[in-house]
Amino acid sequence: MDVGAYREVVASRDTRNALLLGFFIRVPLFAGSVLLTLHVVTTLGRSYGQAGLVTAASTVAVAISGPWRGRLLDRTGLRRTVLPSLLVQVVCWSVAPWVDYAPLMALAALAGLFVVPTFSILRQVIIRSVPAERRRTALSLDSAATELSFMAGPALGVWLATVWDTSWALFACEMASVAAGLGLWVVNPALTGAPDGSRPRDPEELGEGARAEVIADEASVATADGVEEAPAPRRAFRGFITVPVAAVYLAAVCATLVLTGTDVSIVAALRSFGAAASIGWVLALWGLGSLVGGLVYGAWHRSLSVFWLLGGLSATTAPVALAAGVPAFAVLITICGVLCAPTITATVEQLSRLVPERFRGEMMGWHGSAMTAGSAVGAPVAGFAIDRSGWQGGFLIVSAVGVVVAGGGLIAQRRRNPAPAASVAGVAPRPRRSADSADGSSAARVEH
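This report concerns the structure included in the present document. Every value quoted in this text rests on a predicted model; they were computed, and no experiment measured them.

Thresholds applied
Residues numbered from 1 in each chain as written. Predicted model: local features only at pLDDT ≥ 70, side-chain atom pairs only at ≥ 80, totals over all residues. Heavy atoms only, no water. Helix = DSSP H or I, 4+ residues; strand = E, 2+ residues; numbered from the N terminus. Buried < 20%, exposed > 50% of the residue type's maximum accessible area, 1.4 Å probe, protein only. Contact = heavy atoms within 4.5 Å. Areas by Shrake-Rupley, 256 points an atom, 1.4 Å probe, with all protein chains shown as cover. Phe/Tyr/Trp six-rings, centres within 6.5 Å; stacked < 30°, edge-to-face > 60°. Lys NZ or Arg CZ within 6 Å of the ring centre and 35° of its normal. Axes fitted to C-alpha atoms, helices over the stretch in contact; angles between N-to-C directions. Parallel < 35°, antiparallel > 145°, perpendicular 65-115°, else oblique. Left-handed = near helix turned anticlockwise from the far one by under 90°. Polar contact = N/O pair within 3.5 Å; in protein donor to acceptor, adjacent residues only side chain to side chain. Nonpolar A, V, L, I, M, F, W, Y, C, P; charged D, E, K, R; others polar. Expected span 1.5 Å × (residues − 1). Core = buried A, V, L, I, M, F, W, Y, C linked by side-chain atoms within 4.5 Å. Salt bridge = Lys/Arg side-chain N within 4 Å of Asp/Glu carboxyl O.

A few words now on the overall build of the protein chain. When helices and strands are tallied, the protein chain shows 16 helices and two strands. Expressed as a percentage of its 448 residues, the buried residues of the protein chain come to 48%. Here the analysis covers contacts within the protein chain between residues at least 6 apart in sequence; of these, 83% occur between residues at least 24 apart. Summed over all atoms, the accessible surface of the protein chain reaches about 19800 Å², with 66% contributed by carbon and sulfur.

The topology assignment puts Arg26 in helix H2 (residues 13-43). Its relative accessible area of 1% is what places Arg26 among the buried residues. Other than its neighbours up to four places away in sequence, Arg26 contacts Phe119, Leu122, Asp142, Thr146 and Ser149.

Taken as a whole and assessed by the stated rule, the structure comprises 10 aromatic pairs. Seen from their ring centres, Trp98 and Trp168 are 5.0 Å apart, and the 75 degrees between their planes marks the pair as edge-to-face. Residue Trp98 is located in the loop between helix H4 (78-95) and helix H5 (101-113), and its partner Trp168 is located in helix H8 (residues 166-187); the two are separated by 70 residues in the primary sequence. Aromatic side chains Phe329 and Trp391 sit 5.8 Å apart centroid to centroid with 80 degrees between the ring planes, which places their arrangement in the edge-to-face category. With Phe329 in helix H13 (residues 326-337) and Trp391 in helix H16 (residues 391-416), this residue pair connects regions lying 62 residues apart in the sequence. Across the pair, Trp391 and Phe329 agree in class, each one buried. An aromatic cluster of at least three residues, connected via ring pairs, comprises Phe273, Phe329, Trp391 and Phe395. One residue, Arg26, lies across the ring of Phe119, its end atom 4.5 Å from the ring centre. The cationic tip of Arg79 hangs over the ring face of Trp185; the distance from NZ or CZ to the ring centre is 4.7 Å.

Right, let's talk about the packing of helix H10 (residues 243-272) against helix H12 (residues 306-317) for a bit. Running from N to C, H10 and H12 cross one another at 15 degrees; their axes reach a closest spacing of 10 Å. Our classification of the angle between H10 and H12 gives roughly parallel. In this structure, H10 crosses over H12, and the sense of that crossing is left-handed. Every residue of H12 that contacts H10 at Ala247, Ala251, Cys254, Ala255, Val258, Leu259 and Thr262 is listed here: Val306, Phe307, Leu310, Leu313, Ser314 and Thr317.

Our focus in this paragraph is the environment of Ser352. Along the chain, the position of Ser352 falls in helix H14 (residues 340-354). For the pair Ser352 and Met363, spaced 11 residues apart in the sequence, the C-alpha separation amounts to 8.2 Å. Polar side-chain contacts of Ser352 include one of 3.1 Å to the side chain of Arg135. Within the structure, the side chain of Ser352 is placed 2.6 Å from the backbone oxygen of Glu349, a separation counted as a polar contact.

To continue, consider the packing of H2 against helix H6 (residues 118-129). Relative to each other, H2 and H6 sit at 165 degrees, their axes nearing to 9 Å. Considering their axes alone, H2 and H6 lie roughly antiparallel with respect to each other. Note that H2 runs across H6; the crossing there is left-handed. Contacts between H2 and H6 involve Asp14, Thr15, Ala18, Leu19, Gly22, Ile25, Arg26, Leu29 and Phe30 from the first element and Thr118, Phe119, Leu122, Val125, Ile126, Arg128 and Ser129 from the second. Among the residues making up the contact of H2 with H6, the classes are represented as nine nonpolar, four polar and three charged.

It is worth spelling out H12 at this point. With 12 residues, H12 extends 16 Å between its outermost C-alpha atoms, agreeing within 8% with the 16 Å of an ideal straight helix rising 1.5 Å per residue. Burial within H12 is extensive, with nine of its 12 residues counted as buried. Among the residues of H12, Val306, Phe307, Leu309, Leu310, Gly311, Gly312, Leu313, Ser314 and Thr317 are the ones counted as buried. Residues of H12 that are buried make contact with H10, helix H11 (279-299), H13, H14 and H16.

Counting residues in hydrophobic clusters, the biggest one holds 70 residues, and the most contacted among them are Ile121, Tyr249, Ile266, Phe329, Ile333 and Phe395. In terms of residues, this core owes the most to one element, H10, which gives 12 residues. Apart from residues lying up to four places away in sequence, Ile333 is in contact with Thr262, Ile266, Val282, Trp286, Val320 and Phe395.

Before going further, it helps to spend a moment on unusual backbone geometry. A positive phi is found at Asn188, a non-glycine position, where the angle reads about 50 degrees. Residue placement: Asn188 occurs in the loop between H8 and helix H9 (208-216). On the accessibility criterion, Asn188 (32% relative accessible area) is partly exposed.

Moving on, we come to the pattern of salt bridges. For the coordinates displayed, the defined rule picks out seven salt bridges. A salt bridge links Asp142 to Arg26, with the nearest nitrogen and oxygen atoms 2.9 Å apart. Remark: Arg26 occurs in helix H2 and Asp142 occurs in helix H7 (residues 135-163); sequence separation between them is 116 residues. The residues Asp142 and Arg26 share a single accessibility class, namely buried. Notably, a salt bridge pairs Arg46 with Asp100, separated by 3.8 Å at the nearest N-O pair. With Arg46 in the loop between H2 and helix H3 (48-76) and Asp100 in the loop between H4 and H5, the pair connects residues that are 54 residues apart, well separated along the chain. For Arg46, a relative accessible area of 28% puts it in the partly exposed group.

No statement about biological role is implied by the geometric values presented.
Written out as structure tokens, the structure reads:
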């Protein structure tokens, strides 16, 4: 483990700003999601099922908007993409908290279609602001910040609903999200290009793990003017979605399927134990395990295949079904949380290495849509199993799906790359490239 890698990452001002801004953007987003449900149930007097339909309409709209908004980021830039979103958000959430159920659903869906693509923007900033060998560490920090936001946001939403009318609480959270988006528009961080003050790194200057990543990660090469990327594949959907890219998207779908199914199963298990009051702190332990796992993975000496991580996440989910009480359940759920953040981080990291920079916004949009699709499938799959086999069935079914997908992905990778061209130890170090020697060529990528 290289804990010092975090020191190098946070030394970048762009990375620090993105992480801090990301935390303040995501907290009101998570709070607003909880408040929307509470508003429909308490203030409008509707059922939880009807509240779920409003959330589903908003979620589907966000999934549809992801690739579209990401493509706009690539073509028109941050400010021209974000400004219309801010205007639509202000109009929708200035009206939605005070209307009846049907108009609320329509306004929530419209706001979802024009949501500010904050996750895509912030991750692009982070990817751009650090050298390639520190990308995993920086993305792991972002994942940890997301976990903290997830812990704080829902708690803040529930608290606001207890001290304010839900209409005003929802309005306040959504306007806070708009204010955070406006801050992003004002800062206008660069989304592409080489890190400020960066230079090509000689592999001999790095540790063994980072050296292997630099040798393997050569879709783009450093030049005197920044980063020259490899040409996009000729046969690719949307210009960049090849078979390896699609495989990573499938892993993202499956990872969120496992996580969402686990979420539903946790609630079912604790209600079965007669410990519904423990749901909050058990979910927090699950998030804590993910937070610790993400930080450890970020300091690890090398990147791992997303399918190995998905397999580990799925395999550690199944034993939770063996818990006979709340204490054992809490321990097992913390353990199965350890690989949550690393798996999601690996999907973003591997996509950033496979996709040319000029498609990065749309890449992140499709990634968000893939994760949303996994969430949409995971809850009903786990619920179906819980209805027929008890809460244990929820954990077992999503674990089985994850193991099957991970195993298939690993087999496909082995068939695609039956033998590595050279081992890490056997690869000769690349000579340092200077501004005078840069010839604009791209080295072949070694796929892991």
